[in-house]
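Structural overview for review
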Amino acid sequence: MTEEEFYRKEMMPMVFCPGCGIFTVLECIKKAIAKSSISMEDVAFVSGIGCSSRAAGYIMADSLHTTHGRALPFATGLKLSNPALKVIVIGGDGDLAAIGGNHFIHACRRNMDLFTVCVNNFIYGMTGGQLSPTTPIGCLTETSPYGSTEHPFDISALACAGGANFVARWTVRQRKELIDSMVRGLEKKGFSFIEVLSPCPTEFGRKNDMAEIKKNLVWLDTLTFPGRGYEFKDREIELISSERIPIGIFCDRDKVPYGEVDI
Ligand SMILES: Cc1ncc(C[n+]2csc(CCOP(=O)(O)OP(=O)(O)O)c2C)c(N)n1
């Protein structure tokens, strides 16, 4: 797919800061759609509010830019009204796991036929860098100026436990694995969830001595480790350790999606 076919020229330049991981996520989505059997004609994007949620607006496809935390209910409605659509949700850790957390676990439970990408930058980027449900312990944010003392969510583990069919987590550094997982998730029926650990040099970086993009990326490398063989069996979820986060494919199963259960 060419740049012209994927991006909306009239929306350029993008609002994202230099070094933001959303650029990589967009490129990986572009490559994954091109590699998959899905046609852009059949795709619609849905997002909430946040930096990552703005990504959908730059893509040359039908899209719904909705309210903060509500992308999944809008996406659910869209999918039910037009089941032929491949509905893709893009959101941040705040959008999907804080205000939208309950919608998230229920989309997983229902195994809604949606493809969801969470750009997890460990902070509320758009609103100035407040603590999010994924902020690691000790990290500085606008609302944890002495370091967070809250336990973070492992949103991929939550998605597996909730009942999603496909769950994978990578950092922006593993582009090949990220694209491959996106292709698998796009082609799978039911709820597919891809978590992308992503740099935010401006809000997260500046507060945590990694404003320089290289430092933020190296931190992501040291924060993560490959999960067992990069692929976990159903239900064998390695929960988040207090310090390091496993990356890999955490579940890949074929539970019947919402609307197709025989009674
Ligand atoms: C109901 C409501 N509450 C709060 C906000 C303010 N708000 C906008 S974006 C955002 C959080 C953004 O963080 P995240 O979803 O992680 O996305 P990021 O900007 O980091 O990509 C918040 C709290 C809002 N727009 N609507």
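In the block above lies the structure referred to throughout.
Description of the structure in this document. (Residues numbered from 1 in each chain as written. Predicted model: local features only at pLDDT ≥ 70, side-chain atom pairs only at ≥ 80, totals over all residues. Heavy atoms only, no water.)

So, on to the packing of helix H5 (residues 101-110) against helix H6 (residues 155-162). Interhelical geometry of H5 versus H6 gives an angle of 40° and a closest axis separation of 7 Å. Comparing the axis directions of H5 and H6 gives the class oblique. On H6, the residues that touch Phe-104, Ile-105, Cys-108 and Arg-109 of H5 are Ile-155, Leu-158, Ala-159 and Gly-162. Looking at the contact of H5 with H6 residue by residue, the class counts come to 6 nonpolar, 1 polar and 1 charged. (Axes fitted to C-alpha atoms, helices over the stretch in contact; angles between N-to-C directions. Helix = DSSP H or I, 4+ residues; strand = E, 2+ residues; numbered from the N terminus. Parallel < 35°, antiparallel > 145°, perpendicular 65-115°, else oblique. Contact = heavy atoms within 4.5 Å. Nonpolar A, V, L, I, M, F, W, Y, C, P; charged D, E, K, R; others polar.)

A pair of packed helices is characterised by two quantities: the angle between their axes and the separation of those axes. The interhelical angle for the contact between helix H2 (residues 22-35) and helix H7 (residues 175-187), taken along N-to-C directions, is 50°, at an axis separation of 8 Å. In terms of their interaxial angle, H2 and H7 are classed as oblique. Here H2 and H7 pass one another in a crossing that is right-handed. Taken together, the residues of H7 that come into contact with H2 (itself represented by Thr-24, Val-25, Cys-28, Ile-29, Lys-31, Ala-32, Ile-33 and Lys-35) are Arg-175, Leu-178, Ile-179, Asp-180, Met-182, Val-183 and Leu-186. Partitioning the contact of H2 with H7 into residue classes produces 10 nonpolar, 1 polar and 4 charged. (Left-handed = near helix turned anticlockwise from the far one by under 90°.)

What follows covers the site of the ligand. Around the ligand lies a shell of 16 residues, among which Cys-51, Ser-52, Gly-94, Asp-95 and Gly-125 are the nearest. Take Asp-93: an N or O atom from its main chain is 3.4 Å from an oxygen atom of the ligand. In the environment of the ligand, an oxygen atom lies 2.7 Å from a nitrogen or oxygen atom belonging to the backbone of Asp-95. Expressed as a share of its isolated accessible area of 590 Å², the protein-covered part of the ligand is 73%. Mapped onto the shell around the ligand, the elements with two or more residues apiece are helix H4 (93-99) and strand S5 (123-124). For the shell around the ligand, the element with the most residues is H4, which contributes 4 residues. Grouping the constituent residues of the shell around the ligand by class yields 6 nonpolar, 8 polar and 2 charged. (Near = heavy atom within 4 Å. Polar contact = N/O pair within 3.5 Å; in protein donor to acceptor, adjacent residues only side chain to side chain. Areas by Shrake-Rupley, 256 points an atom, 1.4 Å probe, with all protein chains shown as cover.)

Worth remembering: the numbers are spatial, not functional.
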